[in-house]
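Fold and geometry: a report
For reference, the chains in residue letters:
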Amino acid sequence: MLNLTTRLKTELIKIISETNGLSLNTTLDLMAHSPKMREDHQLGKSVLEFRELLAAYSRNAVETETLLRHPMSQALFQYLKEFPIPFHEEHIHLSGSLTADFVYPRLMELLNGPNKSQYEEKIREIYGEKALPIKNIEDVDRLIRLQEGQKFFEYLRILMISKFILNSRQAHADAAYHMAKDLYNNYNVGNLRLKFTMSRITSMKSEQIPGLENLTPEDVVMGLYDGLAKFKAEHPGFGFVLSPSFRKEVDFYDKERFKTKKDYFENQINLILEMIEKHPELKPHLSEIDTVGDEKEHFRKAHFEQMKDALRTLQFKGFTIRSHHGETWNILRHGLQAVDNAMDIWQIDTLEHGLSLGINPNYYFHRIFQKVLELNAAHKPLDPDSQEANELEDMHWPEEKIKRKLLEGKPLTKDEIYKFSEVKFNTAREMERYQHDLLNRMLHKGVTLISLPSSNLKLTQNFPHYKDHPFSWWEKKGVHLGVGTDNYVTLSTNLIQEMLILLYADPDNLKITKLLMVATRETRRPYLSNLVWEIRKKNENEK
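Residues numbered from 1 in each chain as written. Predicted model: local features only at pLDDT ≥ 70, side-chain atom pairs only at ≥ 80, totals over all residues. Heavy atoms only, no water.

Quick word on the overall build of the protein chain
- From N to C terminus, the protein chain includes 25 helices and 8 strands.
- The C-alpha atoms of the protein chain give 25 Å as radius of gyration, which agrees with the globular expectation for 543 residues (24 Å, within 12%).
- Once the C-alpha set of the protein chain is aligned to its principal axes, its extents read approximately 70 × 70 × 50 Å.
- When each of the 543 residues of the protein chain is scored for burial, the buried share is 57%.
- Taking the intrachain contacts of the protein chain between residues at least 6 apart in sequence as the baseline, contacts between residues at least 24 apart amount to 77%.
- When the accessible surface of the protein chain is totalled, it reaches about 24000 Å², and 48% of it is carbon and sulfur. (Helix = DSSP H or I, 4+ residues; strand = E, 2+ residues; numbered from the N terminus. Rg over C-alpha atoms; globule rule 2.2 N^0.38 Å. Buried < 20%, exposed > 50% of the residue type's maximum accessible area, 1.4 Å probe, protein only. Contact = heavy atoms within 4.5 Å. Areas by Shrake-Rupley, 256 points an atom, 1.4 Å probe, with all protein chains shown as cover.)

As structure tokens, then:
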């Protein structure tokens, strides 16, 4: 008898083909009523068990990892892995997508080389004293993965070890080829959009990397092109886009050579255009740029002006503009304002993350209301740097003394609590209107939104559970969507796992077929339906 996962996959193939990919809960319900479940008791038990787990998951009673370990998840994973149209990985960074077995031998060359002390000092600074010595692949794997409780700031820092080894054109070529091979063979990725940094020279001490003095932007771009083009030569159907990504932070630029961030960025844009003229083979693959980094202090119009002129130059040359915005914020208004200015001033074509457009303002502000009242009842002042304090400072208060009492931990009266609830309610209503105005503008302009569930959950504190991720809501609104992993090694995920997470987040409404259309970018429903039947025929012939 075939193993349980294979038998579950066979039944999934049958039900999905006969129903054209309904929602996951509907698919499981139909599987549970299949005559095959009565003939194969282990199969029937597994389906019922998974349905119960999924129901518990929607109540926050089961962890995501429990679902992902279940044989049904493994069957779904195999179904997606073998799907005849490869998936589009719409958002992936090189530095967080290199496996430990690739990084380890190259890192050891550096740690045994002439700059050993510099690298060790940097490792201690970022990863702590216990990070050294590095003895094996497992040690590297532990360092390059985000650990429980670590958030956005630590995430940006722990990418450093992988950046150490990207120190030459050949290193970039080897890294790109290795990543493409892993994604293609293990996760059915046939197209990828690779985010990368052309230059890591910066005045920010925490981001300075030894050994990159002679690495040029051309080395980076051509190295990545060499590696991906080599893989494409072996697999002609494979596609790739090179998406150079520039840090938004005001201080992230080469201050020794340039007076302002504006001068630096315009120089980088000119380098891109010169490279394309020098290497015309780049043109089909290098036709967009992205902006990345910590956006908490990058939301005002003035913040966007420095890069605007250079972006216009690229747009006139046919480039599209993507931007990481709406991912993190000090207050929700700034998260929305950042997206607003990115669309208005930079005229972006694609929004990466965009989480501020998916947070439910009524839920968000009511949780702040509850947390603040809980602290207030305990006579505890608010941390002035906390999200709760920041949001209170941004609210419009008819009576400032209520805000002061909350910040200082002085208990409110019953009447003051009521007035606080009114302030909270009006703030939530205002943010909801702003949010919907932005979404409607996105729809009108045809701006694409790229969803990254694991990245959003693990790196922010803005929604508590995968089931609260807004992907399905965006899909219902008609937003043009894509799916990516961000840094799949660092975040311990992969594209297929992200697709499963999205299915589990809304098992009643998100249709399997719709998710396949998003991930494959195949819009012809009849053609997709036919492929689903072809999968069934192939599976039956193999049996």
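Describing the packing of helix 6 (residues 71–81) against helix 23 (residues 495–505)
- For the pair helix 6 and helix 23, the least separation of the axes is 10 Å and the interaxial angle reads 125°. Put simply, helix 6 runs oblique to helix 23. Taken as a pair, helix 6 and helix 23 cross one another with a handedness that is right-handed. Between helix 6 and helix 23, the residues in contact are S73, L76, F77, L80 and K81 and I496, Q497, M499, L500 and Y504, respectively. (Axes fitted to C-alpha atoms, helices over the stretch in contact; angles between N-to-C directions. Parallel < 35°, antiparallel > 145°, perpendicular 65-115°, else oblique. Left-handed = near helix turned anticlockwise from the far one by under 90°.)

What about the pairing of strand 6 (residues 350–353)?
- Judged from the 4 bridges that link them, strand 5 (residues 320–325) and strand 6 form a sheet pairing that is parallel. Bridge pairing links H325 to H353 in strand 6.
- In this fold, the crossover linking strand 5 to strand 6 by way of helix 16 (residues 332–344) has right-handed handedness. (Pairing = 2+ DSSP bridges. Right-handed = clockwise from strand over helix to strand, strands pointing away.)

Observations concerning the side chain of T64
- Looking at the secondary structure, you find T64 in helix 5 (residues 64–69).
- For T64, a relative accessible area of 7% puts it in the buried group.
- At 3.1 Å, the side chain of T64 and the side chain of Y57 are in polar contact.
- Once residues within four sequence positions are removed from consideration, T64 is found in contact with Y57, Y466 and I501. (Polar contact = N/O pair within 3.5 Å; in protein donor to acceptor, adjacent residues only side chain to side chain.)

A few points about the sheet that holds strand 4 (residues 288–292)
- Strand order in the open sheet made by the 8 strands is 1-2-3-4-5-6-7-8, with parallel pairing throughout. Bordering the open sheet on either side are strand 1 (87–93) and strand 8 (481–483), each of which pairs with just one other strand. Strand-to-strand twist of the sheet, defined as the mean angle between neighbouring strand axes without regard to direction, takes the value 25°.
- Pairing analysis gives 3 bridges linking strand 6 to strand 7 (residues 448–451), with the strands arranged parallel. The partner of L351 across the bridge, within strand 7, is L449.
- Relative to the sheet, helix 12 (residues 169–187) contacts strand 1 and strand 2 (189–196), its axis offset from that of strand 2 by approximately 145°.

Shape is all these values report; function is a separate question.
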